[in-house]
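What follows is the residue order along each chain.
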Amino acid sequence: MQQPTGELTPVAIAEKTALSAMQAWALAIWKWTKRLYIKKPLGAAGLSFILLASLSAIFAPLITPYGPLVQDYTVRLTAPGAAHWLGTDDYGRDLYTRIVYGARISLSIAIVAVFTEKLLSLAVGVFSGYIGGWVDMLIMRIADIFLTFPAILLIMALIAMLGVGIDKLIIAFVITGWAGTARVIRGQVLSIKNNDYVEAARSIGASKGRIMLRHIMPQTLAPWLILFSAALANIVLTEASLSYLGLGVPPPHPSWGRMLSEAAPRAMSAPWLVIFPGLAITLFVLAFNLFGDALRDVWDPRLRGR
Amino acid sequence: MRNYIARRVLLSIPTLIGATLLCFLILRVIPGDVAEMILEGEGGGLAQPRSVEILREELGLNRPLHVQYLTWVWNSIRGDFGTSLQTGRSVGGEFALRLPLTIEIALGGLFLGVITGIPLGILSAIKQDSWIDYVGRVMAILFLSIPGFWIGVLVLLIGVRSFNWMPPIGYNPIWANPITNILQFMWPILILGLHQTAIKARLTRSQMLEVMREDYIRTARAKGLAEHVVIWRHTLKNALIPVVTIVFIQLGHVFAGTVILEAVFNVSGMGTLFIEAIRFRDYTIVQGYLFIIAVSFLVFNIIADLVYGWLDPRISYS
């Protein structure tokens, strides 16, 4: 994997312009985003949606007129209108409010699960690839075992064991998710570790830990981030499916998947209850996928133009 | 060649042992005693210690863990998956009834995905960066992002609301009652197929583009071959090799994809059985299905390897 764009790295900017590290980073991110918006408008649209949705999720209480759990039986099953933009459910809860709060749940689960899982797989992948030998073989065989099952079946089995709950859901995502990424990262490390600069670091007496952390790990970050974004899309979708089946987010938390299954019996008279939560899931997953694809195009020279 | 197959089978044995051990252990470390759970689930209230003891004996739960594991694996290999903890019926018999439904949906969806996705991917790659490519890519990423169960719910909603249509209930084998069968399975197959189309189109497109950048394609063009010869004879043949193998490797994922669609359309296949089993912690069924999935994954992986070697003469089995 090559460095993304030489002239845009913070180090290069700092050298050329004598800015402080902070300012250089800010400038690098700014330039990179600007380029993304020009070159990859769809990916940029995905990123914008993700940022907007995250902000609404964070500031949910400020932008929603009602509480997510507030029931008002006088307005049961109201169609979308001025008072309730997306209508209400059969407890008279405001759908728009619940969808915004649902973003909070979905996003926090996805971010916590993906972050933990991806940090774990980065550590495992770098370690396994750099150490090599029988340790590497053992770790990769274990990864193989996890890759034998489609993730959703294994997650469901884990939920049968652990029970239903947000924390348990996250644990199940982490247990089932690490193997694939760890394999990819390990593959990267195998080619990186033969570089001369790694040899140089070793010959001046750098410790194994330092070589892994300072010299190898940073080189694997581009593919890692691509997988990170893809995993976010995947987990939002899986969590919604599990919640739809009653195996994901437990009540009373508003969750898009469960909102859909609860709405199913009412769908005839109140179609908005099945349309909007599904739309929310689709937009989220789409945004993450678009952004992930753009990252892949920009960062993976081998895949450029795909 | 025979040596290669033998080595490949031998190499997958440790993975199989690990995989079976994993699905065995996941369900054995369930908090609480399974025997107690079954009895309390039936009668409500606390179970008699005496009857718990008897049931534990019956289920073999009081034997050492490794004996339980070995017995389970040995029985599963022979097709005996034990009895359902919830209904008391034979798990193997239950599987035999339900597998055909799931296989029909999975293979139907896969078939649709392959016959639409691969041509779409080829077209997209040949016309790279044209509007056809652009539309194709956006469609593919959209199909990838829409949750299948949501489309299912919408289909049912529109069907019932506008056409007074409901999927037929009960299972009608395709050889006995083809029209009812098709009405019943059409939507799950179509929805699964949509997702598969997206996956296969993206895969084919990227493989095509990769091959199109190879030196031998430039050579083919440079020596003046017609464009269609370059595409059909030189690019397509090489690009489709990995596609075919990945189709085999991903079969398990197609089966996993039917789980939620079966729930939406009320198809009593393996998926609905699995979901029920998860809810009731009916671990003989869960273990049994995971066992089948793991074994077939490894078998299809070996087949994929062989197909790869058969299609690509550059691969040698020595």
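This report concerns the structure included in the present document.

Parameters and conventions
Residues numbered from 1 in each chain as written. Chains lettered and ligands numbered in written order. Predicted model: local features only at pLDDT ≥ 70, side-chain atom pairs only at ≥ 80, totals over all residues. Heavy atoms only, no water. Helix = DSSP H or I, 4+ residues; strand = E, 2+ residues; numbered from the N terminus. Buried < 20%, exposed > 50% of the residue type's maximum accessible area, 1.4 Å probe, protein only. Contact = heavy atoms within 4.5 Å. Buried area = accessible area lost by both parts, 1.4 Å probe. Salt bridge = Lys/Arg side-chain N within 4 Å of Asp/Glu carboxyl O. Polar contact = N/O pair within 3.5 Å; in protein donor to acceptor, adjacent residues only side chain to side chain. Nonpolar A, V, L, I, M, F, W, Y, C, P; charged D, E, K, R; others polar. Phe/Tyr/Trp six-rings, centres within 6.5 Å; stacked < 30°, edge-to-face > 60°.

### Focus: the overall build of chain B
Phase 1: Scanning chain B from N- to C-terminus turns up 13 helices and 0 strands.
Phase 2: Along chain B, helices and strands appear, N-terminal first, in the series α-α-α-α-α-α-α-α-α-α-α-α-α.
Phase 3: The C-alpha extent of chain B, read off along each of the three principal axes, is 85 × 60 × 35 Å.
Phase 4: For chain B, buried positions account for 46% of its 318 residues.

### Looking at the interface of chain B and chain A
Phase 1: The interface of chain B with chain A comprises 52 residues on the first partner and 44 residues on the second.
Phase 2: For the pair chain B and chain A, the two sides together bury roughly 4200 Å², of which 73% comes from carbon and sulfur.
Phase 3: Considering only the surface of chain B that becomes buried against chain A, I26, F149 and W150 of chain B emerge as the three largest contributors, covering 14% of it.
Phase 4: The interface formed by chain B and chain A includes 2 salt bridges.
Phase 5: One salt bridge in this structure joins D297 of chain A and R137 of chain B, with 3.8 Å as the shortest N-O distance.
Phase 6: Here chain B and chain A share 5 residue pairs in polar contact (both at pLDDT 80 or more) between them.
Phase 7: Classifying every residue of the side of chain B that touches chain A by side-chain character gives 37 nonpolar, 7 polar and 8 charged.

### Brief notes about the packing of aromatic side chains
Both the distance between ring centres and the angle between the ring planes are used here to describe each pair of aromatic rings.
Phase 1: On inspection of all chains with the given rule, the structure shows 16 aromatic pairs over all chains.
Phase 2: Seen from their ring centres, F146 of chain A and W178 of chain A are 5.6 Å apart, and the 65° between their planes marks the pair as edge-to-face. Placement of the pair is F146 of chain A in helix α6 (residues 133-147) and W178 of chain A in helix α8 (residues 166-192), with a sequence separation of 32 residues. For the pair F146 of chain A and W178 of chain A, a shared accessibility class is recorded, and that class is buried.
Phase 3: Plain terms: the ring middles of F24 of chain B and Y69 of chain B are 5.4 Å apart, the flat faces sit at 65° to each other, and that makes the pair edge-to-face. With a gap of 45 residues between them, F24 of chain B in helix α1 (residues 2-28) and Y69 of chain B in helix α4 (residues 65-77) connect regions that are remote in the sequence.
Phase 4: Of the residues examined, F24 of chain B reaches a relative accessible area of 1% and is grouped as buried.
Phase 5: Here the aromatic cluster, defined as three or more aromatic residues joined through ring pairs, consists of F24, Y69, W72, F81, F95, F274, Y289 and F291 of chain B.

### Quick word on unusual backbone geometry
Phase 1: Residue P252 of chain A is bonded to the preceding P251 of chain A through a cis peptide linkage, with omega at 10°.
Phase 2: Looking at where P252 of chain A falls in the secondary structure, it is placed in the loop between α11 (221-244) and α12 (256-263).
Phase 3: Notably, D129 of chain B is not glycine yet its phi reads approximately 70°, a positive angle.
Phase 4: Mapped onto the secondary structure, D129 of chain B falls in the loop between α5 (91-126) and α6 (131-145).

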